[in-house]
Amino acid sequence: MDVKEVLRLADRLIFDKTGKHLDDLQEAILRGVCQGNKYSKIAEESHCTEGHVRDVASELWKILSDVLGENVSRANFRSTLERWQVSIISSNFAQDFVGIGNVNICADTLQSPKVTTTPSNKQTSHEDNPIKVRQDLGDAPDVSPFYGRSEELTKLEKWIVQERCRLVTLLGISGIGKTALAVKLVEQIQDKFEYVIWRSLCDSPPLKLIEKNLIQFFSIYQETELPENSDCRLSQLMEYLKKHRCLLILDDVQMVLSSGQLAGNYQPGYENYGLLFRRLGELSHNSCVVLNSWDKPRELAALEGENRPIRSLQLDGLGEAAREILRDKGLAEEETWDKLINTYQANPLWLKIVSTMIQDLFSGRVSEFSKYDTLFLSEELKYYITQQY
């Protein structure tokens, strides 16, 4: 589908739900997202603030999520609508490919093109019968290049693969590299699991949508009528996690937590996430769930421990590996880099932002930037830090 077709389909879906067509800003946001633009660029082109663009976009994702019955976000908007259109077009033919009590690969492909099934390197007792890994990484971002974190990767792999931890939380300030570390971790250990799923909570989706989406994925989209009762849906999800070896990553968990209160509390209407996290930690199951968050959900403090299957890892700055970021950005005068790295606490995102500015304004000369002897905060950097506070 080209961008015009995607926008036309989105307009029809939103009109069916709200009775209103896309306005100019909504259309600009969806077009920009399809073209891979950041919210800041969309805001600049639309002559409004980035915060307003984010608010309007968040409402769009919620409407589309409600209409489609699955989590829609900036990361998967286009692929979700393309998959939805394919499933509608093929619905008249799907029955020809699905047998009674059995799912044919053709029907699976028609209903969920973004889901991939790949042979794992891990072998069963029969060497010619490799385990199939069913993946849905549509929400996972591209984080290349990846810097450092070898010790953290080793520790996480030990926790998850060898010690069979069932709930692991990656904690750290915005930009420190939680998402990048989780993506790299998935690459290293995905062949140890039957299912690998990545879900982003950046648009604060209701838990009901997440549960429905996961249950449909695990059931290869055969579970279409799901319980309305939240406890029943959660029990159904837990049964899949017990029956199968699954790796589930929930990114941006802080987006369902409340601001302006003690860390770990939830936004109004999102308290049921706390029950999910408690069940994942308390109940024995065969899977591992990784949470990425600025703050630790309050339920986990009493559950985790060094000798328990619930653990958390606090991420700090990159250390020596941060120099690779400055090298990739083309900065000169390596002898001046340590001060820059220390000033910005070896935070990968912060260093990328300030390095780009140094390259643009000072032709990569860090010493010229250092003459100002002040902490530079660009509008983009201010935005991320303000979010954290």
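For the structure itself, consult the block above.
Residues numbered from 1 in each chain as written. Predicted model: local features only at pLDDT ≥ 70, side-chain atom pairs only at ≥ 80, totals over all residues. Heavy atoms only, no water.

Visitor: Describe helix 14 (residues 348–362), and please don't skip the residues or the numbers.
Guide: The terminal C-alpha atoms of helix 14 lie 20 Å apart, and with 15 residues this matches the ideal 21 Å at 1.5 Å per residue to within 8%. Residues of helix 14 that are buried: Pro-348, Trp-350, Leu-351, Ile-353, Val-354, Ser-355, Met-357, Ile-358 and Phe-362. Between the side-chain oxygen at the start of helix 14 and the backbone nitrogen of Leu-349 there is a gap of 3.1 Å, and the oxygen is on Asn-347. (Helix = DSSP H or I, 4+ residues; strand = E, 2+ residues; numbered from the N terminus. Expected span 1.5 Å × (residues − 1). Buried < 20%, exposed > 50% of the residue type's maximum accessible area, 1.4 Å probe, protein only. Polar contact = N/O pair within 3.5 Å; in protein donor to acceptor, adjacent residues only side chain to side chain.)

Visitor: Hey, could you go over the side chain of Asp-191 for me, with residue numbers and the actual values?
Guide: Counting through the fold element by element, Asp-191 comes out in the loop between helix 8 (178–189) and strand 4 (195–200). For Asp-191, a relative accessible area of 15% puts it in the buried group. Side-chain polar atoms of Asp-191 contact the side chain of Lys-192, separated by 3.3 Å.

Visitor: Can you lay out the pattern of salt bridges for me, pointing to particular residues and giving the numbers?
Guide: All chains considered together, the criterion is met by 18 salt bridges. Two residues, Asp-191 and Lys-192, come together in a salt bridge whose shortest N-O distance is 3.3 Å. Through salt bridges that share partners, Glu-320, Arg-323, Glu-324, Arg-327, Glu-334 and Asp-338 make up one connected network. (Salt bridge = Lys/Arg side-chain N within 4 Å of Asp/Glu carboxyl O.)

Visitor: I'd love a proper account of the nonpolar core, names of residues and values included.
Guide: Side chains of a nonpolar character, in soluble globular proteins, are inclined to be buried together. In terms of nonpolar packing, the biggest core is built from 33 residues, with Phe-218, Tyr-273, Leu-276, Phe-277, Leu-280 and Leu-291 touching the most fellow members. When contributions to this core are tallied by element, the ones reaching two or more residues are strand 4, helix 9 (207–218), helix 10 (230–243), strand 5 (246–251), helix 11 (272–282) and strand 6 (288–293). It is helix 9 that provides the largest number of residues to this core, a total of 6 residues. Setting aside residues up to four positions removed in sequence, Leu-276 forms contacts with Leu-207, Leu-234 and Leu-237. Formed by 26 residues, the second largest nonpolar core is a distinct cluster that contains Leu-7, Leu-68, Phe-77 and Leu-81. (Core = buried A, V, L, I, M, F, W, Y, C linked by side-chain atoms within 4.5 Å. Contact = heavy atoms within 4.5 Å.)

Visitor: Quick one: what's the story with helix 9, residue by residue and with numbers?
Guide: Over its 12 residues, helix 9 extends 16 Å from the first C-alpha to the last, a length consistent with the 16 Å expected when each residue adds 1.5 Å. Counted residue by residue, helix 9 has 10 buried out of 12 residues, so it is predominantly covered. Buried residues of helix 9: Leu-207, Leu-209, Ile-210, Glu-211, Asn-213, Leu-214, Ile-215, Gln-216, Phe-217 and Phe-218, and no others. Remark: Ile-220 follows helix 9 within two positions and exhibits a positive phi of approximately 55°.

These results come straight from atomic positions and should not be treated as a statement about function.
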